[in-house]
Amino acid sequence: MLYAIIGHEAPDGLEKRKKVRVEHLSRIQAMVDDGRIVAAGPMPAIDSPDPGPAGFSGSLIIAEFDCLEDARAWINADPYVTQGVFESVDVRPFNKTVP
């Protein structure tokens with residue numbers, strides 16, 4: 001099943017994000033290689049593809065997992081969670097309708 005993972009950025013998340021981004025993207029790439037990622041990326045804090053020092057309000061990942069508990073366990077082990085980039089994370093079942 002698909003799950004939407006929404007990470008909500010911590011107030012100091014941008015600096016922490018820069019430090020662990022490579023490790024985070026490596027985990028995402030492994031999921032891409034397995035064909036389990038539908039979409040993933042950061043959500044700019046301002047209306048711009050490059051928010052600069054405004055940073056991000058968080059990130060969205062839509063990915064396939066066997067169950068909700070597996071989705072939660074995967075994100076809870078991510079460096080964006082373990083290193084405090086996200087102050088909170090929502091994980092919800094997701095039904096893809098379009099395309």
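Residues numbered from 1 in each chain as written. Predicted model: local features only at pLDDT ≥ 70, side-chain atom pairs only at ≥ 80, totals over all residues. Heavy atoms only, no water.

Turning our eyes to something else, we now look at helix H1 (residues 13–33). Of all the bends in H1, the largest measures some 60° and sits at Val20. The set of residues buried in H1 consists of Gly13, Leu14, Arg17, Val20, His24, Arg27, Ile28 and Met31. Residues of H1 that are buried make contact with strand S1 (2–9), strand S2 (37–44), strand S3 (56–64), helix H2 (68–76), helix H3 (79–82) and strand S4 (86–94). Taken from the residues just after H1, Gly35 is the one with a positive phi, measuring 75°. (Bend = angle between axes of the 7 residues up to and from the residue. Helix = DSSP H or I, 4+ residues; strand = E, 2+ residues; numbered from the N terminus. Buried < 20%, exposed > 50% of the residue type's maximum accessible area, 1.4 Å probe, protein only. Contact = heavy atoms within 4.5 Å.)

The next subject is the sheet that holds S1. Here 4 strands make up an open sheet; going across it, the order is S2-S3-S1-S4 and the pairing antiparallel. What marks the edges here is a single partner per strand, and that holds for S2 and S4. Going from strand to strand, the sheet's axes swing by 10° on average, the running direction of each strand aside. Alignment of S1 against S4, held across 8 bridges, turns out to be antiparallel. Considered in S4, the bridge of Leu2 is made with Phe94. Contacts from H1 reach S1, S2, S3 and S4 within the one sheet, and its direction differs from that of S3 by about 10°. (Pairing = 2+ DSSP bridges. Axes fitted to C-alpha atoms, helices over the stretch in contact; angles between N-to-C directions.)

Mapped onto the elements, Arg17 comes out in helix H1. With residues near it in sequence (within four places) discarded, Arg17 still touches Glu9, Pro42, Phe56, Gly58, Ser59, Tyr80, Val85 and Phe86.

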